[in-house]
Amino acid sequence: MPRPPEPLPDEWADAPFRVRDARRLGIGRDRLKASALHAPFNTVRDHVGRLEPARIAAAFALRQNPDQVVSHTTALLLWGAPLPRRIERQPTIHVSSVGASRPRTRLTIPHLLQSERVGVTTLGGLAITDPATSWVQSAPLLGLDDLVAAGDFLITGTEPFDARPPLIRREHLAAAVERHAGGRG
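Residues numbered from 1 in each chain as written. Predicted model: local features only at pLDDT ≥ 70, side-chain atom pairs only at ≥ 80, totals over all residues. Heavy atoms only, no water.

**Quick word on the overall build of the chain**
No. 1: Scanning the chain from terminus to terminus reveals 9 helices and 8 strands.
No. 2: Over its C-alpha atoms, taken along the principal directions, the chain stretches across nearly 65 × 40 × 25 Å.
No. 3: The contacts in the chain between residues at least 6 apart in sequence include a share of 54% that link residues at least 24 apart.
No. 4: For the chain, the computed accessible surface area is about 10500 Å², with 52% contributed by carbon and sulfur atoms. (Helix = DSSP H or I, 4+ residues; strand = E, 2+ residues; numbered from the N terminus. Contact = heavy atoms within 4.5 Å. Areas by Shrake-Rupley, 256 points an atom, 1.4 Å probe, with all protein chains shown as cover.)

**Some thoughts on the packing of aromatic side chains**
No. 1: All told, the structure shown has 2 aromatic pairs when counted by the stated rule.
No. 2: Measuring from ring centre to ring centre gives 4.3 Å for W12 and F17, while their planes differ by 5°; the resulting arrangement is stacked.
No. 3: Its relative accessible area of 10% is what places W12 among the buried residues.
No. 4: Since its relative accessible area comes to 2%, F17 is described here as buried. (Phe/Tyr/Trp six-rings, centres within 6.5 Å; stacked < 30°, edge-to-face > 60°. Buried < 20%, exposed > 50% of the residue type's maximum accessible area, 1.4 Å probe, protein only.)

Here's what the structure looks like:
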């Protein structure tokens with residue numbers, strides 16, 4: 001009768017974790033290759049089988065390089081903007097590099113950004129484009145109605161329903177459009 005797999009720390013039950021952290025705790029290579037774990041990236045493991053953008057981004061945060069940011073529709077999704085279901089379920093994330101070469105890793109759609117056009121911030125420890133930049137970057141990837149709905153969410157929030165204030169003001173969107181003049185979309 002096969003032995004049950006050795007348990008993982010409780011805090012990893014619902015979150016991705018680094019392989020090196022597991023090895024540091026004495027968890028064997030065989031356990032990290034178990035069928036119950038998935039490898040969204042070479043250096044990260046997760047319990048979730050169907051990876052969606054928010055989960056992939058959480059795993060990516062554990063291996064993110066300093067010049068990389070989550071961007072485009074993935075960033076909009078993480079900011080909470082309403083997006084089409086096809087984007088919510090996309091098995092990849094948009095990752096941009098600011099001033100370096102395009103990131104090339106599994107589960108990512110790579111982009112190269114010009115630093116003077118991009119606003120970068122952090123969200124839950126993840127480097128991410130700011131809401132206005134994310135919205136402008138998403139213009140070529142969304143239909144007009146979806147882009148308007150996302151922009152409306154960013155400047156109005158959901159305050160009437162749950163007291164969540166807007167993320168930005170209309171002027172921020174206008175400034176982002178101006179910074180990206182001549183860009184795609």
